[in-house]
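One letter stands for each residue in the lines below.
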Amino acid sequence: MLMLFQSHKLLLVLCLLMPTVASASSYQSILEQIKQRTGTDNVAYLINSTAGKKTFNIDKPLIPASTLKLLTAYLAIHRWGLEHRFHTDIYQVGKCLWLKGQGDPYLTSEELQRLMATLKQRLDLSVIDCLAVDNQLISDIRLHGRGNSHNPYDAGNSALAINFNTMMLSYRNGKIRSAEPQTPLTPLAVKLGQATLKAGTRRQRIALPGGSNQAAHYAAEVFSQLAWGKQLPITLGVLPSRAKRVYRHYNSRTLAQVLSAMLLYSNNFIANQLFLLLPNEPLSLASSQHYVAKQVQQHLGWQSFVLYDGAGLSPKNRLTARQLEQLLEVMRPYQNLLPKESNLRAKTGSLHNVSSYVGYYRNQPNQAWQVFVLLSNGKVNHVYRQRLADALTTDK
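Residues numbered from 1 in each chain as written. Predicted model: local features only at pLDDT ≥ 70, side-chain atom pairs only at ≥ 80, totals over all residues. Heavy atoms only, no water.

A. Quick look at the packing of helix α3 (residues 69-80) against helix α8 (residues 268-277). Where α3 contacts α8, the two axes come as close as 10 Å, and the packing angle between them is 45°. Classified by the angle their axes make, α3 and α8 are oblique. Crossing angle aside, the handedness with which α3 passes α8 is left-handed. Along the contact surface, α3 presents K69, T72, A76, R79 and W80, while α8 presents N268, A271, L274, F275 and L277. A per-class count over the contact of α3 with α8 returns six nonpolar, two polar and two charged. (Axes fitted to C-alpha atoms, helices over the stretch in contact; angles between N-to-C directions. Helix = DSSP H or I, 4+ residues; strand = E, 2+ residues; numbered from the N terminus. Parallel < 35°, antiparallel > 145°, perpendicular 65-115°, else oblique. Left-handed = near helix turned anticlockwise from the far one by under 90°. Contact = heavy atoms within 4.5 Å. Nonpolar A, V, L, I, M, F, W, Y, C, P; charged D, E, K, R; others polar.)

B. Looking closely at the state of the cysteines. One pass over the structure, following the stated rule, counts one disulfide. What pairs with C96 in a disulfide is C130, and their sulfur atoms sit 2.5 Å apart. Highlighted residues: C96 in strand β4 (residues 96-100) and C130 in strand β5 (residues 130-134), separated in sequence by 34 residues. (Disulfide = S-S within 2.5 Å.)

C. Focus on a positive patch on the surface. Taken together, the side chains of R172, K175, R177 and R202 define a basic patch exposed on the protein surface. Residue position: K175 is located in strand β7 (residues 175-178). Owing to a relative accessible area of 52%, K175 belongs among the exposed residues under this scheme. (Patch = residues over 30% accessible without salt bridge, like charges linked within 9 Å, V, L, I, M, F, W, Y side chains within 5 Å. Areas by Shrake-Rupley, 256 points an atom, 1.4 Å probe, with all protein chains shown as cover. Salt bridge = Lys/Arg side-chain N within 4 Å of Asp/Glu carboxyl O. Lys, Arg positive; Asp, Glu negative; His and termini not counted. Charge placed at Lys NZ, Arg CZ, Asp CG, Glu CD. Buried < 20%, exposed > 50% of the residue type's maximum accessible area, 1.4 Å probe, protein only.)

D. Representation of the packing of aromatic side chains in the model. One pass over the structure, following the stated rule, counts eight aromatic pairs. On the numbers, 5.6 Å between centres and 25° between planes, the contact of Y45 with F56 is stacked. Highlighted residues: Y45 in strand β1 (residues 43-49) and F56 in strand β2 (residues 52-56), separated in sequence by 11 residues. Using a relative accessible area of 2% as the deciding quantity, one classes Y45 as buried. Both rings, one in Y357 and one in F372, keep their centres 5.4 Å apart while their planes meet at 80°; by these two values the pair is edge-to-face. Of this pair, Y357 sits in strand β13 (residues 354-361) while F372 sits in strand β14 (residues 370-376), and the two are 15 residues apart along the sequence. Taken as a pair, Y357 and F372 share a single burial class, namely buried. (Phe/Tyr/Trp six-rings, centres within 6.5 Å; stacked < 30°, edge-to-face > 60°.)

E. The environment of E180, seen in detail. Among the structural elements, E180 can be located in the loop between β7 and α5 (187-196). In this view, E180 contacts N163, M168 and R205; residues no more than four positions away in its chain are not counted. Within polar-contact distance, the side chain of E180 engages the side chain of R205 at 2.9 Å. (Polar contact = N/O pair within 3.5 Å; in protein donor to acceptor, adjacent residues only side chain to side chain.)

Right, here's the structure in full:
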């Protein structure tokens, strides 16, 4: 989320330097300021406290933005459990090694190195002369709200993708280089770096722009470079029925760790990858949307809502403050997954003219956690979220 706030960096710093008034009316005053700036039709809030509940427009559907990731986390926990580990399968057909993407949302260069260490103990890689990828599990799916930029914020999804379908590169002295030591430079990285980066770029992470097959091809290139120090021929296709599975690699991270990282960094790739994996096969956008709708109706009792994706990118998503309060209540056993700041565990949400904030707060270390929800769909500076958080956590 850091990139989302760059244009407000100076205002945020100035805001944080301002003293906060720790009084019962301070947070109410801030809420009134938000209402004045957005208009009463564009804001909703719900603040639980030991003194009671402060609410406004709690049944009005508004854009939740990235606070929707809390729902994705809840559904993922319900679907798989916190100890679940995603996997990637390796097959062999003659002298060709097949990678079968199973949608692991946290397949990084470091994780590929762990995979490689075990694979080398089980298979003589010197006999392999080609790589193939079965990327059929998740076809090219474009979720609503995802842009066309090279920003990692807009990274697409794939059955096999490495480093959240991004690459970290530099462009100095006329050469494209990998800007992270754990990830080798590959032909596709050079090509995209030359087309995207400005000369002199020291370090920049970019999203791959070419769809799920390009994502899978790049993952295979990194795999090849790590395993053999060179590029083997790479093809994409359907895994032959005669293929023999030689290794199933389970990610070293549990779902709990994946969700914690997703919420901390507001990672859209992880959120939408989970969203697409939720239903049973065959996977599609329609099946994911249907699965999510059925689950929230069955387990949360929601009847009126609009959900297009799992990351909160779509401006067509609609939830109410009451629904988010209910979600936070059922997420209480897992609130330690949310980013923590002093006496606050919360998730922000930002889109154009959208500034949302939901989570738990307390005034003192031993006090019970209280739920708060802010949905703002009008022109209001993001610094008001921080002011609200400061007021809530300092009110004695």
